[in-house]
Amino acid sequence: QVQLVESGGGLVQAGGSLRLSCAASGRTFSRYAMGWFRQAHGKEREFVAAIHWSSISTDYADSVKGRFTISRDNAKNTVYLQMNSLKPEDTAVYCCAAGSLGSGSYYYDASYSYWGQGTQVTVSS
């Protein structure tokens, strides 16, 4: 069992940066791939980024490539999402997720077994 708690969201102006953190409980964190998803008001949840349990691979949605960076520290049971050059369209609730999945399944939220509650990111224009 893994419990996930996100932090680091807030209000930022367009062009600014935020770093989200996702702290995990449980000894098996290092065995799971980790993903970030987001859901804007009135829209479906969408994939943002994911990272292999060993950090050997990462993947990003086209909309955030070159602006966002996912990383993890297995010693701290934490995964991060560094978000730079933020745009108003990045406004959403951001959730982290954990699961035993390969890189081919990163994009699919059904592949993840555990989810956090989310943290709000608001980007003003």
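Below or above, wherever it landed, is the structure these notes cover.

Along the chain, Tyr 60 falls in strand S6 (residues 58-60). Sequence spacing of Tyr 60 and Tyr 80 is 20 residues, and the spatial spacing of their C-alpha atoms is 13 Å. If near-sequence neighbours (up to four positions away) are discounted, Tyr 60 is found in contact with Phe 47, Val 48, Ala 49, Lys 65, Phe 68, Thr 69, Ile 70 and Tyr 107.

In the structure shown here, the tally under the stated rule is one disulfide. One disulfide in the model links Cys 22 with Cys 96; its S-S distance is 2.0 Å. Residues Cys 22 and Cys 96 are joined by a disulfide whose S-S torsion is about 55°; by sign, that bridge is right-handed. Here the residue Cys 22 occupies a position in strand S3 (residues 18-25), and Cys 96 occupies one in strand S9 (residues 92-99), the gap between them amounting to 74 residues. In this structure, Cys 22 and Cys 96 share a single accessibility class: buried. The thiol sulfur of Cys 95 is not disulfide-bonded, and the nearest other cysteine sulfur, from Cys 96, lies at 7.4 Å.

Here we come to the sheet that holds strand S1 (residues 3-7). Hydrogen bonds along the backbone pair up the strands of a sheet, which may run parallel or antiparallel. What the four strands build is an open sheet, ordered S1-S3-S8-S7; its pairing is antiparallel. Only two strands of the sheet have a single partner each, and these edge strands are S1 and strand S7 (68-73). Within the sheet, the average angular offset between the axes of one strand and its neighbour, ignoring direction, is 15°.

Residue placement: Ala 97 occurs in strand S9. Linking Ala 97 and Trp 36, residues 61 residues apart in sequence, is a C-alpha distance of 6.3 Å. The contact partners of Ala 97, leaving out residues within four places of it in the chain, are Leu 4, Ala 33, Met 34, Gly 35, Tyr 112, Tyr 114 and Trp 115.

Bringing the side chain of Thr 78 into the picture now. Looking at the secondary structure, you find Thr 78 in strand S8 (residues 78-83). Among the residues examined, Thr 78 registers a relative accessible area of 9% and is labelled buried. One polar contact links the side chain of Thr 78 to the main-chain carbonyl oxygen of Lys 76, over a distance of 2.8 Å. Those residues within four positions of Thr 78 in sequence are excluded, and the remaining contacts are Ser 21, Cys 22, Ala 23, Phe 29, Arg 72 and Asp 73.

A few words on the pairing of S3. Here S1 runs beside S3; their pairing, made up of five bridges, is antiparallel. Along S3, the bridge assignment pairs Leu 4 with Ala 24. Looking at chain direction, S3 and S8 are connected through six bridges and run antiparallel. Each residue of the ladder has a partner; that of Leu 18, found in S8, is Met 83.

Analysis parameters
- Residues numbered from 1 in each chain as written.
- Predicted model: local features only at pLDDT ≥ 70, side-chain atom pairs only at ≥ 80, totals over all residues.
- Heavy atoms only, no water.
- Helix = DSSP H or I, 4+ residues; strand = E, 2+ residues; numbered from the N terminus.
- Contact = heavy atoms within 4.5 Å.
- Disulfide = S-S within 2.5 Å.
- Buried < 20%, exposed > 50% of the residue type's maximum accessible area, 1.4 Å probe, protein only.
- Pairing = 2+ DSSP bridges.
- Axes fitted to C-alpha atoms, helices over the stretch in contact; angles between N-to-C directions.
- Polar contact = N/O pair within 3.5 Å; in protein donor to acceptor, adjacent residues only side chain to side chain.

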